[in-house]
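Chain by chain, the residues:
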2 protein chains.
Amino acid sequence: MPASSSKINMADVARRAGVSMATASRALANHPHVAAATRARVLAAAEALSYVVSPEASRLAGGATDRVGVVVPHISRWFFAAMLDGLESVLRDADLDVLLYHVGDATDRHNFFRRLPARRKVDALVVLGMPVDDPERERLELMGVHIVAAGGQIERYPCVSIDDLAAGRQAVDHLVFLGHRRIGMIATLDPAQPDWPATPGRGRAYHAALTDAGIPIDPALTVTVPWGGVNGADAMSRLLSLREPPTAVYAHSDEVAFGAVRTLRRAGLRIPEDISVVGIDDHPLAELADLTTVAQPVRRQGELAGRMVLSLLSGEATGDGITVPTRLVIRGSTAPPSRG
Amino acid sequence: MPASSSKINMADVARRAGVSMATASRALANHPHVAAATRARVLAAAEALSYVVSPEASRLAGGATDRVGVVVPHISRWFFAAMLDGLESVLRDADLDVLLYHVGDATDRHNFFRRLPARRKVDALVVLGMPVDDPERERLELMGVHIVAAGGQIERYPCVSIDDLAAGRQAVDHLVFLGHRRIGMIATLDPAQPDWPATPGRGRAYHAALTDAGIPIDPALTVTVPWGGVNGADAMSRLLSLREPPTAVYAHSDEVAFGAVRTLRRAGLRIPEDISVVGIDDHPLAELADLTTVAQPVRRQGELAGRMVLSLLSGEATGDGITVPTRLVIRGSTAPPSRG
DNA sequence: CTCCGCTTTGGAAGCGTTTCCGGAGGTCCA
DNA sequence: TGGACCTCCGGAAACGCTTCCAAAGCGGAG
């Protein structure tokens, strides 16, 4: 039992390599101005002793934490989980640890931003699908914490996301193209941030598409509900109870569309013969449900956000943001309306 | 601009409170043998200076990291994400930070366990739905890292999970009770750990239930596929191509069942009139899909795992594990067979 | 041949806590 | 009244690293 295994430190490595601690530190940290041979000797010694630098000591002495925080409003939603997946893979490959923070409502968020930077726990922060206001941002930058946004429509920060307006247009234009003129919309809002419409672009797209097609906008055809499948089902019920129900429905997200489909099926309506349904996201189950949708590369967005963090940490300037493309995926839930 | 705000340390607090650093440290850490008045004075000083102890320094000097790691085989699957959600909420309430590690195949896992404990990055580790072998466990315990398992069938470690055998029986017994005698099973395996059947209990349940009901077991009625919706669809196709297809299907998880449903619908079969389908998990979309399933409290399991970590960290002994109950949820995807 | 400047290395001063050790004062009982 | 013991507190030594400052070695320009 190598009882020493837990006590070896950089001094041991330095001794074994026949150099000073200063040199050992430089070699291990890949600093310049270390002779190749020396560096190799140090690395070999470290390997032999299976030595790893103590993150705490390193950080205390001025190094980086090698940790990045991720702030998520809803951990268990597919969208965020998939994003997190991509993000984590990139960060892990770069030997960075991922600290996960769930931040629900505005109060949570406020507390979070107040406490986190206190003693730098992370080198960078990735904020998924929620806003960051100026004071918060300033505070973080002051403490040397970089910040990247993803999956939201945050304009003022380095950010990777889709173009919600374009995505929405792909969905609604598809319905218009099929000949629908009475098109319902199920918009969603985040229950945790009720005052902040989750995806305003998707709503604007609806109006723009109808206007462009010369279709008058009937406010009764828009229903806004908190995100979620059952709420989507409720929304659809409301739409069905209209004197003149829509012949097609545009849901802001696939999960909501699934709910709508349930309602329609229970009402005995056939999809797409009696009514068309289109969603956004391309949730993995959308394929199984045969749902027409607008696909967005979710995991990829997480990866890109990770890359962004990496370049930020390495001092490179990043562009102001990346917009990833979306793509209409036509499946069996949409068809021309049966009657004019 | 309080330029000093980022430089205040415990010495400042101690000075302001008129005590030594030793006392300040004890007061802040809630140690005994500190006069109440003194403690109050220190706390007030800390508050006034909005001081927070440096985790790095604290750890370096012998404290805890106040971090716990979570190891997950698949971040974006609902099951793991939901578990993570519950876990994070408990841990965050206890002021512990959550480090997220995605570990895919066996190689990943090996590397992970080799590297992690090197320099204690965490006080405890929660392993979600994957095995931990004895050497790994020993190593961790040696380094003072506690370990808790969840969502798996790991018997030898403090662990929270459902009883897979019981859950499977609830599903299959239900089909038997309805009068089905020709029951198919879609079993899954984890693509990342092909040699380690994901949920052996669910398979055993099938055999036990049929045997108890005096139904002979036809190996052709069992199809094993990698986890996932599309694979579930494939499996169902294979089952349908049998000379004598089943009148009911038991899928090891809801996502897989969704795939099966798709295949059945495409084949023009009605559910439940022509064929019954039952899953396990009670995925949020199962309700929308009207799928009969066996519900398990996923988020709750995460919370319980979190509590377990908490008591482990506070030195309390935990029982060897917690088994949470499952519950059959009968929806519209199951019914008696149409013909004997 | 000397001086300048560059690369490479070592010494040592922190970084901000925790905790061991010891001392001061007070209480309680014989 | 004199220990024995306990509570409360301060001094100072770690903890393991990074980096500033200097110094040593060496090549080439003048």
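Not measured: the values here are computed from a predicted model.

(A) Structural detail: the domain arrangement of chain A. Residue and element names in this part refer to chain A. Partitioning chain A into structural domains gives domain 1 (3-53), domain 2 (67-162 + 298-324) and domain 3 (164-296). Each partner contributes to the interface: domain 2 provides 16 residues, whereas domain 3 provides 18 residues. Carbon and sulfur atoms make up 56% of the area that domain 2 and domain 3 hide from each other, which totals about 1400 Å². On the surface where domain 2 and domain 3 come into contact, there are zero salt bridges. Taken together, the connections running from domain 2 to domain 3 amount to four residue pairs in polar contact (both at pLDDT 80 or more). Of all the secondary-structure elements, those providing two or more residues to the side of domain 2 that touches domain 3 are α5 (78-93), α6 (106-115) and α13 (298-313). In terms of residue class, the side of domain 2 that touches domain 3 is built from eight nonpolar, five polar and three charged.

(B) Structural detail: the sheet that holds strand β6 (residues 183-189) of chain A. All names here are of chain A. Judged by pairing direction, the sheet is mixed, and its six strands sit side by side in the order β7-β6-β8-β9-β10-β12 without closing on themselves. The open sheet has two free edges, formed respectively by β7 (222-226) and β12 (327-329), since each of these has just one partner strand. The average angle at which neighbouring strand axes cross in this sheet is 20°, direction not considered. Examined bridge by bridge, β6 and strand β8 (residues 248-251) share four bridges and lie parallel to one another. Each bridged residue has a counterpart across the sheet, and for Ile 183 the counterpart in β8 is Ala 248.

(C) How the structure looks around the pairing of strand β4 (residues 146-150) of chain B. Residues and elements named next belong to chain B. The element β4 is largely enclosed, with a buried count of four among its five residues. With five bridges connecting them, strand β3 (residues 124-128) and β4 associate as parallel partners. Note on β4: the bridge partner recorded for Val 126 is Val 148. For the crossover from β3 across helix α7 (residues 134-142) to β4, the handedness is right-handed. Pairing of β4 with strand β5 (residues 159-162) involves two bridges; the strand directions are parallel. Opposite Ala 149, over in β5, you have Cys 159 as the bridge partner.

(D) A look at the interface of chain B and chain A. Contacts between chain B and chain A engage 48 residues on the former and 47 residues on the latter. A buried area of about 4200 Å², summed over both sides, lies between chain B and chain A, and 57% of it is on carbon and sulfur atoms. On the surface where chain B and chain A come into contact, there are five salt bridges. Measuring nitrogen to oxygen at the nearest pair gives 2.7 Å for the salt bridge that ties Asp 97 of chain A to Lys 121 of chain B. When contributions to the side of chain B that touches chain A are tallied by element, the ones reaching two or more residues are α4 (55-60), α5 (78-93), β2 (97-102), α6 (106-115), α10 (229-240), α11 (254-266) and α12 (284-289) of chain B. For the side of chain B that touches chain A, the element with the most residues is α5 of chain B, which contributes seven residues.

(E) Highlighting the environment of Asp 164 of chain B. Residues and elements named next belong to chain B. As for its position among the elements, Asp 164 is in helix α8 (residues 164-178). Sequence separation between Asp 164 and Val 126 is 38 residues; the distance between their C-alpha atoms is 20 Å. Among all residues touching Asp 164, those that are not within four sequence positions of it are Thr 199, Gly 201 and Arg 202. Side-chain polar atoms of Asp 164 contact the side chain of Arg 202, separated by 2.8 Å.

Cut-offs applied
Residues numbered from 1 in each chain as written. Chains lettered and ligands numbered in written order. Predicted model: local features only at pLDDT ≥ 70, side-chain atom pairs only at ≥ 80, totals over all residues. Heavy atoms only, no water. Domains from an automatic or database assignment. Contact = heavy atoms within 4.5 Å. Buried area = accessible area lost by both parts, 1.4 Å probe. Salt bridge = Lys/Arg side-chain N within 4 Å of Asp/Glu carboxyl O. Polar contact = N/O pair within 3.5 Å; in protein donor to acceptor, adjacent residues only side chain to side chain. Helix = DSSP H or I, 4+ residues; strand = E, 2+ residues; numbered from the N terminus. Nonpolar A, V, L, I, M, F, W, Y, C, P; charged D, E, K, R; others polar. Pairing = 2+ DSSP bridges. Axes fitted to C-alpha atoms, helices over the stretch in contact; angles between N-to-C directions. Buried < 20%, exposed > 50% of the residue type's maximum accessible area, 1.4 Å probe, protein only. Right-handed = clockwise from strand over helix to strand, strands pointing away.

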